[in-house]
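Below are the chains, spelled out letter by letter.
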Amino acid sequence: MADLELKNISKHFGGIAALQNVSLACNRGEVHALLGENGAGKSTLIKILSGAHQADSGEISLFGKTVKIKNPSNAIEQGIGTVYQELSIIPELTVSENIFIGRIPTNRFGRFNDEKLYEMTKALFEKYDVKDIDPNAKAGTLSLSKRQMIEILRVLSKEPEIIILDEATSALMENMVEWLLSLARKLADQGKIVIFISHRMAEITSSCDKITILRNGETVCEIDVKEINMDEVVALMLGRKIEGYYPELVSHVKDEKVLEVKNLTYGRRLNGVDLHLKKGEVLGIGGLAGQGQNELLLALYGVIKAKGEILLNGKPSKIKSPEDGLKKGIALVPEERATEGLLLDFSIGHNISLASMRKLVSGPFLSKKKEKKIVEEYIKLLQIKSVDLQSAVTNLSGGNQQKVVLAKILATEPSLLLMHDITRGIDVGTKKEVFALVRKLAQQGNAILYFSTDCDELVNMCDRVLVMFDGKVGATFEGENMIKENIVGAYIGETISS
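Residues numbered from 1 in each chain as written. Predicted model: local features only at pLDDT ≥ 70, side-chain atom pairs only at ≥ 80, totals over all residues. Heavy atoms only, no water.

### A short note on the overall build of the chain
The helix and strand tally for the chain stands at 18 helices and 22 strands. For the C-alpha atoms alone, the extent of the chain along its principal axes is close to 70 × 55 × 50 Å. Long-range contacts, defined here as pairs at least 24 residues apart, represent 66% of the contacts in the chain between residues at least 6 apart. In the chain, the 63 positive side-chain charges and the 65 negative ones have mean positions that sit 6 Å from each other. (Helix = DSSP H or I, 4+ residues; strand = E, 2+ residues; numbered from the N terminus. Contact = heavy atoms within 4.5 Å. Lys, Arg positive; Asp, Glu negative; His and termini not counted. Charge placed at Lys NZ, Arg CZ, Asp CG, Glu CD.)

Given below as C-alpha cells:
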C-alpha cells in the first residue's frame, strides 16, 4: 500500500461528472506530478484531498489508515498542505501577518507580539533560503512572484507531510522557479510527499519522479518519468499528438510605429524606459521579477501615472485611465485574471461583453442581440468550452477563464495589445491555440507587447525581445542573437545585444 492513496474517487457537479473512479498513489520521498488539460479534473481531485470538496464516492488512505477529510482545517490537521493556483494574499497585511495569519503570537496583554512574529518569519526565511523579502512589507506592494512565495511559505510554516503545489511555478519568475523546484526535491528527500501540478513540461522532467495523467475526469495512467518522453506525455494528456506547438515565426512587421516610449519613469520602478513597437510586431518583454515590466504595462494602459513621453501612431498621447486607453485602441490582458480580469460570479457572456458596452448600447438601452452576437463570435474564435453561456465564470477551468479574458479584450477591437504572461497556468493544448492566435493578430496588423516569464515563449513567439533590468531596457535581441542563453544572461545584467 502506498503512503497516500486515493481510490476510485468520483465527483459530480449537477449532471456533470468532474471525476470518475480516479485513483492516485504517492509515497514518501517522491515528487509526483499530476498532469492533464485544464478541465481534466486535477483541481477537483486536489480540492477533495485538501478538504475543499467532498467526494461522492471512493476512499482516501493516509499512511495506512482510511481517512475522511472533512474540510480544509481537517486536512491541515492530517498533515496536508495545499498551495492553490489562485492567490489568497490579503494585501493590507504584512508579509509576516499573511504567513502566520490565525497563529500570530501575542504578549501577556493579548496584543500581537510583533518582535516575535518578525523572528518567526526570519527563521522561516532562513530555513527555506528566502531572500529579498521584507517581513514587515505590506503584501500588496510586492510583485506577483513574491506574493506566490508568501503563499508557499504559509503552507510550509505548518510543517505538512504532504505538500500540494497547484501551478505554484506559474506565477514565479525564472530564478524563483529554480528555487521552488530545488525546494520540492529537498522536501521529498526529507521524507515528505510532494504533489506537483504544472503545464511546463521541462519542470516535470527535471524535478519529478512519477506522473499520474488525468483526461476527461478519468485516470489515464501512472508512469515513471524516466520511462517516457514528454511528447508521449502530452499525447496521453490530450488524447492526441500535438504538432507545431509554436507557430512558424513569419514576420509581419511594418515600418509604421504604433507605439513609442521615451524616458518613461515611475518612482523607483521605471528609470527611463525607451522603446518602440511597430504595426504587426510581437515585441517580447523579459527580465527577472521586479524590474519594471508590470509597471510598464500599467503605465501604457493608464492605470498608473508615469512621467515621460508616449506616442501613439506618431502623435504624443496622455493616457489618463484604462477607459481612456480603451478609447485610444489599447487593451490589457492583466497579471491576475481572477482579480483583475474577470467578475468570477458573473456569467461568461457578461464578462466577454463588459469592456465593449459602449458599442452595444443604443441610448440608455443595451442591445441583447448585439451582445449575443459578439459573445458567440469570440466564444467560437477562442473555442471556449462551456455548456451554458449564463454559467458563472468561476465554474470554468483556468484555461477557459483565461480565454474569457482574451475574448473580452479582443471584443474591444484594439490596435495595441498589452499581454501580461497570458499563458500562465493553462495547459499545452490551450497554449498552442493562444500562440497561434497571437501570431494571427500580428498578421492582421495588431501591435503586441508580449511580457512572459517563460523565456522559451519569448524566443519562439516574438519578433524582437527587450529585457528589462533595473527599471529600464537593459538589452535588445533579434535575429540570430535572440536565443535563450543571451536573454537569460541579460536577466542578470550581461550586456550582449543585437
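That was the structure; now back to the text.
### Brief notes about the side chain of Glu260
Inspection of the secondary structure puts Glu260 in strand β11 (residues 257-266). Residues in contact with Glu260, not counting those within four places in the same chain, are Leu275, His276, Glu309, Ile310 and Leu311.

### Structural notes on the nonpolar core
In this structure, Leu35, Leu165, Met201, Ile204, Ile211 and Val233 are the most contacted members of the largest nonpolar core, which totals 54 residues. Counting residues per element, this core draws most heavily on helix α6 (residues 174-189), at nine residues. In this structure Leu165 touches Val83, Leu180, Ala184, Val194, Ile195, Phe196 and Ile197, once residues within four positions along its chain are discounted. Counting 48 residues, the second-largest nonpolar core is a separate cluster that includes Leu342, Ile409, Leu437 and Tyr491. (Core = buried A, V, L, I, M, F, W, Y, C linked by side-chain atoms within 4.5 Å. Buried < 20%, exposed > 50% of the residue type's maximum accessible area, 1.4 Å probe, protein only.)

### What about the pattern of salt bridges?
Any two side chains of opposite charge can pair, given that their charged atoms come close. Taken as a whole, this structure holds 22 salt bridges when the rule is applied. A salt bridge links Glu336 to Arg147; the nearest nitrogen and oxygen atoms lie 2.2 Å apart. One end of the pair, Glu336, is in the loop between β16 (330-333) and α11 (337-341); the other, Arg147, is in helix α5 (residues 144-156), and 189 residues separate them in sequence. We note that Glu336, like Arg147, is buried. With its nearest N and O atoms 2.6 Å apart, the salt bridge here joins Lys403 to Glu433. Taken together, the residues span a long stretch of sequence, with Lys403 in helix α15 (residues 398-410) and Glu433 in helix α16 (residues 428-443) at a distance of 30 residues. Residue Lys403 is classed as buried on the basis of its relative accessible area of 3%. Among the charged side chains, a network of salt bridges with common partners joins Arg28, Glu161 and Lys192. (Salt bridge = Lys/Arg side-chain N within 4 Å of Asp/Glu carboxyl O.)

### Thoughts on helix α14 (residues 368-382)
Here α14 spans 21 Å end to end across 15 residues, near enough to the 21 Å set by a 1.5 Å rise per residue. Listing the buried residues of α14 in full gives Glu371, Ile374, Val375, Tyr378, Ile379 and Leu382. Summarising the axial view, the buried residues of α14 lie within an arc of 130°, below the 170-degree limit, and thus occupy one face. Facing away from the buried surface of α14 by more than 90 degrees, the exposed residues are Lys369, Lys372, Lys373 and Lys380. Tucked inside the fold, the buried residues of α14 contact α12 (348-353), α13 (357-360), β18 (365-366), α15 and α16. (Expected span 1.5 Å × (residues − 1). Arc of directions from axis to C-beta.)

### Some remarks on the pairing of strand β22 (residues 472-478)
As paired strands, strand β21 (residues 464-469) and β22 are joined by six bridges and run antiparallel to one another. Residue Phe469 lies in a different strand from β22, and its bridge partner there is Lys472. Linking β21 to β22, which pair antiparallel, is a turn of two residues; within it Asp470 sits at a positive phi near 60°. (Pairing = 2+ DSSP bridges.)

### Brief notes about the sheet that holds strand β1 (residues 4-13)
Hydrogen bonding along the main chain pairs the strands of a sheet, whether they run parallel or antiparallel. As summarised here, the arrangement of the four strands in space is β2-β1-β4-β5, forming an open sheet in which the pairing is antiparallel. The sheet is open, and its two borders are formed by β2 (16-26) and β5 (65-67), each paired with just one other strand. Averaged over all pairs of adjacent strands, the angle between strand axes in this sheet comes to 30°, irrespective of strand direction. Relative to β2, β1 runs antiparallel, the two sharing seven bridges. Residue His12 lies in a different strand from β2, and its bridge partner there is Ala17. Taken strand by strand, helix α1 (residues 42-49) contacts β1, β2 and β4 (57-62), and its axis lies near 115° from that of β1. (Axes fitted to C-alpha atoms, helices over the stretch in contact; angles between N-to-C directions.)

Honestly, that's just the spatial picture; any functional story needs more than this.
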